[in-house]
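Summary of the model geometry
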Amino acid sequence: MVTITQVAEQKIRELMAEEKDVVGLRVYVRGGGCNGYQYGMAFESKMAEDDTVIEMGDVKVIMDSQSAPLLQGAEVDYVDSVQGSGFSIKNPQAKTTCGCGSSFSA
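Rules used in this analysis
Residues numbered from 1 in each chain as written. Predicted model: local features only at pLDDT ≥ 70, side-chain atom pairs only at ≥ 80, totals over all residues. Heavy atoms only, no water. Helix = DSSP H or I, 4+ residues; strand = E, 2+ residues; numbered from the N terminus. Buried < 20%, exposed > 50% of the residue type's maximum accessible area, 1.4 Å probe, protein only. Contact = heavy atoms within 4.5 Å. Areas by Shrake-Rupley, 256 points an atom, 1.4 Å probe, with all protein chains shown as cover. Polar contact = N/O pair within 3.5 Å; in protein donor to acceptor, adjacent residues only side chain to side chain. Pairing = 2+ DSSP bridges.

Under the annotation held in an unreviewed UniProt entry, the protein carries the name Iron-sulfur cluster insertion protein ErpA 2 and is attributed to Candidatus Nitrospira nitrificans.

Quick look at the overall build of the protein now. The number of helices and strands found in the protein is one helix and nine strands. The order of helices and strands in the protein, counted from the N terminus, is β-α-β-β-β-β-β-β-β-β. Each of the 106 residues in the protein was classed as buried or not, and the buried ones make up 35%. Across the protein, contacts joining residues at least 24 apart in sequence account for 51% of those joining residues at least 6 apart. Accessible surface for the protein amounts to roughly 6,200 Å². Of this, 47% is attributable to carbon and sulfur atoms.

The backbone of Asp21 sits at a positive phi, close to 55°, despite the residue not being glycine. Tracing the sequence through the fold places Asp21 in the loop between α1 (6-18) and β2 (24-31).

Our next topic: the side chain of Thr5. Among the secondary structure elements, Thr5 is positioned in the loop between β1 (3-4) and α1. Overall, the relative accessible area of 17% leaves Thr5 in the buried class. At 3.2 Å, the side chain of Thr5 and the backbone nitrogen of Ala8 are in polar contact. If near-sequence neighbours (up to four positions away) are discounted, Thr5 is found in contact with Glu75, Val76, Asp77 and Tyr78.

Among the eight residues in β2, six count as buried, and that is most of the element. Across eight bridges, β2 lies against strand β3 (residues 37-44) in antiparallel orientation. By the bridge assignment for β3, Val29 is matched with Tyr39. Taken together, the two bridges between β2 and strand β5 (residues 59-63) define a ladder with parallel strand orientation. Considered in β5, the bridge of Arg26 is made with Ile62.

Pasting the structure below:
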């Protein structure tokens, strides 16, 4: 389903330690952006019955039932460079992506 690099896993773990009542990181897709779909991430304090949960050690990645199919095969990474730092998603289902990498079309 979705994979998480070791760098991203460590960063998620660090950020979760700073939050209260967090059960995992929700990765989702919404309509919008310059190419039709837009990625989003947020720490989650609860899960829904129809959520898909991927566990990497003590880190849980949570996806809702509508986002999971669009994220099939995607990789979550954390990049720290001169241009900035943050999470990135490499999605093999994305036919086109925008320049900033935050939106795609499938």
